[in-house]
Amino acid sequence: MPAVNIVLIGPPGCGKGTQAVRLAERYDIPHISTGEILRAAVRAGTPLGREVAATLASGSLVGDEMMTDLARDRLAQPDVARGFVLDGFPRTVVQARVLDEIIGASTIVVLIEVPAAEIVRRMGTRRVCDACRLTQSVSDPFHPDSEPCPYCGGNLVRRPDDEPKTVRHRLATYAAFAAPIVDHYRSRASFAAIDGTQHADKVTAAIATHIDRMAVREARPHTGAS
Ligand code: AMP
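Residues numbered from 1 in each chain as written. Predicted model: local features only at pLDDT ≥ 70, side-chain atom pairs only at ≥ 80, totals over all residues. Heavy atoms only, no water.

Undergrad: Where do I start with the side chain of Arg127 in this structure?
TA: Summarising the element assignment, Arg127 is placed in strand 5 (residues 126-129). The side chain of Arg127 is buried and forms no salt bridge, while Asp162, the nearest opposite charge, is found at 6.6 Å. Polar contacts involving the side chain of Arg127 include one to the main-chain carbonyl oxygen of Gly124, which spans 3.1 Å. Not counting the four nearest positions on each side in its chain, Arg127 is found in contact with Leu134, Thr135, Gln136, Val138, Pro141, Leu156, Val157 and Arg158. (Helix = DSSP H or I, 4+ residues; strand = E, 2+ residues; numbered from the N terminus. Buried < 20%, exposed > 50% of the residue type's maximum accessible area, 1.4 Å probe, protein only. Lys, Arg positive; Asp, Glu negative; His and termini not counted. Salt bridge = Lys/Arg side-chain N within 4 Å of Asp/Glu carboxyl O. Polar contact = N/O pair within 3.5 Å; in protein donor to acceptor, adjacent residues only side chain to side chain. Contact = heavy atoms within 4.5 Å.)

Printed below as a string of structure tokens:
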């Protein structure tokens, strides 16, 4: 099977992270979340982490040069030989062009579409486990006691950049950059837009159908016909 290179794009809170974990498991390829790489650097207090901490807290984008260097380094690691699921990159057309240079245009690109009002609602209930780092949704966002993580018993905490004010800024940032990125990919056969308001299982199934269709196409001898 050829390498399965998957790029998930969509607004913050559209379910990219959840879908990326599932797809990585299904195709046995690494999940690469640029946001998680940056958050880990902040937690570890590395030079990169110190440089990006304020930007992450504000909900703005880290500069293209830093992000493309990070993507180049990560995509040069041997574990991506059979493919990868990229979650959170590219966020700008500059990044999308660099990604084309790194891996060619054969990437499968999936846009997960969710309206802004639904994103705001979802972010209110979104929590991340401070132990296993899985993202989950709590049933009562106003309950004073945090529910334990159902998978490992860790504490479910709100990501600092999921505070309502920062979410609004992140959505505005996404809106400012989304259209050119989608235009960059939309005409490619490997691009698909999926309704992210469906149940997560249906979203996974729709993405997998698209990926499998693309994999069959890649495996066929090329005849010149599209
Ligand atoms: P995420 O977990 O994908 O929502 O990313 C969290 C934060 O990391 C974003 O709000 C940005 O500050 C930063 N970030 C992650 N990926 C990128 C990227 N490709 N370009 C610029 N900033 C990024």
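Undergrad: Explanation requested: the site of the ligand in the structure shown.
TA: The environment of the ligand is formed by 16 residues, the closest being Thr34, Arg39, Ser60, Gly88 and Gln95. Within the side chain of Arg39, an N or O atom sits 2.9 Å from an oxygen atom of the ligand. At a separation of 2.9 Å, a nitrogen atom of the ligand approaches a polar backbone atom of Gly88. Considered on its own, the ligand offers 490 Å² of accessible surface; in the complex 96% of this is hidden by protein. Counting residues per element, the shell around the ligand draws most heavily on helix 2 (residues 34-44), at four residues. Of the residues contributing to the shell around the ligand, the split by class is six nonpolar, five polar and five charged. (Near = heavy atom within 4 Å. Areas by Shrake-Rupley, 256 points an atom, 1.4 Å probe, with all protein chains shown as cover. Nonpolar A, V, L, I, M, F, W, Y, C, P; charged D, E, K, R; others polar.)

Undergrad: In this structure, what is going on with the nonpolar core? I would like to understand it.
TA: By size, the foremost hydrophobic cluster in this structure holds 25 residues, and its most contacted members are Ile6, Val85, Ile207 and Ile211. Those elements giving two or more residues to this core turn out to be strand 1 (4-9), helix 1 (16-27), strand 4 (108-113), helix 6 (116-125), helix 7 (164-186), strand 8 (191-195) and helix 8 (200-219). Broken down by element, the residue count for this core peaks at five residues, all from helix 8. The residues contacting Ile211, other than those within four sequence positions of it, are Val4, Ile6, Leu23, Tyr27 and Ile108. In this structure, Ile32, Val62, Ala71 and Leu99 belong to the second largest nonpolar core, which totals 23 residues. (Core = buried A, V, L, I, M, F, W, Y, C linked by side-chain atoms within 4.5 Å.)

Undergrad: Please clarify how the pairing of strand 5 should be interpreted in this entry.
TA: One face of the sheet, then the other: side chains in a regular strand alternate in exactly this way. A two-sided burial pattern is seen for strand 5, the buried positions comprising Arg126 and Val128 on one face and Arg127 and Cys129 on the other. Here three bridges tie strand 5 to strand 6 (residues 135-137), and the two strands are oriented antiparallel to one another. Residue pairing across strands places Arg126 opposite Ser137, the latter belonging to strand 6. A loop of five residues connects strand 5 with strand 6, the two strands running antiparallel in sequence, and Arg133 in this loop sits at a positive phi of about 70°. With two bridges connecting them, strand 5 and strand 7 (residues 156-157) associate as antiparallel partners. Counterpart to Cys129 in the pairing with strand 7 is Leu156. (Pairing = 2+ DSSP bridges.)

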